[in-house]
Amino acid sequence: MAIRPIVVHPNEILTTKCKEVVNFDDKLKALLDDMYDTMVASDGIGIAAPQVGEAIQVAIVDLGEGQEVIEMINPEIVEIGGSEIEIEGCLSFPDVYGEVERPFYVKVEAQDRDGALYELQAEDYEARAILHEIDHLHGVLFTSKVVRYVDLEEMERLAEEQEEETE
Ligand code: CO
């Protein structure tokens, strides 16, 4: 396992439509493990293969909170519902934050690291993270969906307010 360098915008691979995975081999497993290490080391909650330089349909979401790590290979969105506007960031855009409207609910069909098909349902923040990562696999960046950018000063103020609320 290893931490890989994160591809930062602008870079052509970030806007490339990723290829479907056909070989569920050791190379894929090593990539998933590296992506996880890279995401954790960068304090991220999700990462997509193009962000470590591989234009293939592989993405990870892990909100922490003790849940299982979600590994999505060749994911397809099969259902969405509702909508919500929240602030997002991205490992490929250091210090860039903005409000993005996304569905509140999503149902996804994907394959796991062994190639087995599974279905996943998520809401709220988890759905947002999943949809953000699936966008990456289609070369779509969150900045193309931002309705309002939030500067660092406002981010800090919001973080402080949240801390006060939970105290
Ligand atoms: Co991202």
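Placed above this text is the structure.
Residues numbered from 1 in each chain as written. Predicted model: local features only at pLDDT ≥ 70, side-chain atom pairs only at ≥ 80, totals over all residues. Heavy atoms only, no water.

Student: Tell me about the environment of Glu54, residues and numbers included.
Tutor: Its location among the elements puts Glu54 in the loop between strand 1 (46-48) and strand 2 (58-61). With relative accessibility at 26%, the residue Glu54 sits in the partly exposed group. Put simply, Glu54 and Leu14 are 40 residues apart on the chain and 9.6 Å apart in space, counted from C-alpha to C-alpha. Ignoring sequence-local partners within four residues, the contact set of Glu54 consists of Arg4, Ile13, Leu31 and Ala49. (Helix = DSSP H or I, 4+ residues; strand = E, 2+ residues; numbered from the N terminus. Buried < 20%, exposed > 50% of the residue type's maximum accessible area, 1.4 Å probe, protein only. Contact = heavy atoms within 4.5 Å.)

Student: Outline the pattern of salt bridges, supporting the account with residue identities and numerical values.
Tutor: If you walk through the whole model with that rule in mind, you get 14 salt bridges. Across the pair Glu54 and Arg4 runs a salt bridge, and its minimum N-O distance is 3.5 Å. Of this pair, Glu54 sits in the loop between strand 1 and strand 2 while Arg4 sits in the segment before helix 1 (26-41), and the two are 50 residues apart along the sequence. Salt bridges sharing partners connect three or more residues here, namely Glu88, Arg102, Arg128, Asp135 and Lys145. (Salt bridge = Lys/Arg side-chain N within 4 Å of Asp/Glu carboxyl O.)

Student: So what about empty space enclosed by the protein? Which residues, and what values?
Tutor: Summed over all chains, the structure comprises 1 cavity of 30 Å³ or more. By volume, the largest cavity is sized at about 40 Å³. Looking at side-chain class alone, the lining of the largest cavity contains 3 nonpolar, 1 polar and 3 charged residues. (1 Å grid on protein atoms, 1.4 Å probe; cavity = no way out; pocket = protein on both sides within 12 Å on 5 of 7 lines; lining within 4 Å. Points joined across faces, edges and corners; volume = space filled by probe spheres on them. Nonpolar A, V, L, I, M, F, W, Y, C, P; charged D, E, K, R; others polar.)

Student: Could you give me a rundown of the sheet that holds strand 3 (residues 70-81), with the residues and numbers involved?
Tutor: Within a sheet, adjacent strands bond to each other through the backbone by hydrogen bonds, running parallel or antiparallel. Overall, antiparallel pairing links the 5 strands, which are arranged 1-2-3-6-7 in an open sheet. Every other strand in the sheet has two partners, leaving strand 1 and strand 7 (117-123) as the edge strands with one partner each. Each strand axis lies, on average, 35° off the axis of its neighbour in the sheet, ignoring direction. Bridge count for strand 2 against strand 3 is 4 bridges, and the pairing is antiparallel. Across the sheet, Ile60 pairs through a bridge with Glu71, a residue of strand 3. Of the strands in this sheet, strand 1, strand 2 and strand 3 are in contact with helix 1, which crosses strand 2 at around 40°. In this fold helix 2 (residues 124-137) packs onto strand 1, strand 2, strand 3, strand 6 (105-111) and strand 7, with an angle of close to 115° to the strand it touches most, strand 3. (Pairing = 2+ DSSP bridges. Axes fitted to C-alpha atoms, helices over the stretch in contact; angles between N-to-C directions.)

Student: Before we move on, can you summarise the sheet that holds strand 4 (residues 84-90) with the specific residues and values?
Tutor: In spatial order, the strands read 4-5-8; together these 3 strands make up an open sheet with antiparallel pairing. Whereas interior strands pair on both sides, the edge strands pair on one side only; in this sheet they are strand 4 and strand 8 (146-150). With strand direction ignored, the average angle separating the axes of adjacent strands in the sheet is 30°. Two strands pair when backbone bridges link them, and strand 4 and strand 5 (residues 93-102) are joined in this way by 6 bridges, in the antiparallel orientation. The partner of Glu86 across the bridge, within strand 5, is Val100. The strands touched by helix 2 within the sheet are strand 4 and strand 5, with strand 4 carrying the most contacts at an inclination of about 55°. Sheet strands touched by helix 3 (residues 152-166): strand 4, strand 5 and strand 8. Its angle to strand 8, the strand with the most contacts, is close to 85°.

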